[in-house]
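Take a look at the letters that make up each chain.
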Amino acid sequence: MSKSLLELTPVEAVACCSPVTREPMSADAAERIAPLLKAIADPVRLRLLSLVASHADGEACVCDLNDAFDLSQPTVSHHLKLLHGAGLLDREKRGVWVYYRVNPTALADLAALLGGVTA
């Protein structure tokens, strides 16, 4: 018996209905995007990226992010440093605090890979 679209799992629906990309990825694109995927493969970092992106004015201070996790401030800062190093977050030091903002170019690369529409 065949499954209707309503019976497909989310993974099955994506696999059968929407290609990851419309054409094969170039070697340059793969080199550029692989570190982004590696950086967000960790649940804490993925969540941090989401929290920064959805924060008021699109930026967040480390002090704004610590309470969202049951982790020490140095651990949260380490994850933010890895996201910054991968190019997903930009940062700016203001006094004793560091403010993070999502890098729109890196997000556009991820959106293009996943089939999203970029500006």
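Just so you know, these numbers come straight off a predicted model, no measurement behind them.

J.: Help me get a handle on the overall build of the protein chain, residues and values and all.
T.: For the protein chain, the count of helices and strands is six helices and three strands. Along the protein chain, from the amino end to the carboxyl end, the secondary structure elements read α-α-α-β-α-α-β-β-α. Expressed as a percentage of the 119 residues in the protein chain, the buried residues total 26%. Total accessible area on the protein chain is roughly 8100 Å²; 59% of this is exposed by carbon and sulfur atoms.

J.: Before we move on, could you go through the pairing of strand 3 (residues 97-102) and cite the residues and values that matter?
T.: Pairing analysis gives three bridges linking strand 1 (residues 59-61) to strand 3, with the strands arranged antiparallel. What sits directly across from Cys61, in strand 3, is Tyr99. In this sheet, strand 3 lies alongside strand 2 (residues 89-94) in antiparallel orientation, the contact comprising six bridges. In the strand pairing of strand 3, Leu89 is matched with Val102. Connecting the antiparallel pair strand 2 and strand 3 is a turn made up of two residues, with Gly95 showing a positive phi of about 65 degrees.

Rules and cut-offs
- Every residue gets a number counted from 1 within its own chain, in the order that chain's sequence is written.
- Restriction of local features to residues with pLDDT of at least 70 applies here, the model being predicted, together with a cutoff of 80 or more for giving and counting side-chain atom pairs; totals for whole chains, interfaces and linings are based on all residues.
- Values shown for side chains rest on all heavy atoms present in the structure; no hydrogens or waters enter the calculation.
- Strands here are runs of E lasting at least two residues and helices are runs of H or I lasting at least four, both read from the DSSP assignment and numbered beginning at the N terminus.
- Residue exposure (1.4 Å probe, protein chains only): buried if accessible area is under 20% of the type maximum, exposed if over 50%, otherwise partly exposed.
- Every accessible area reported is derived by Shrake-Rupley at a probe size of 1.4 Å, with residue values counting cover from the shown protein chains alone.
- Here, strands pair whenever DSSP counts at least two bridges between them.

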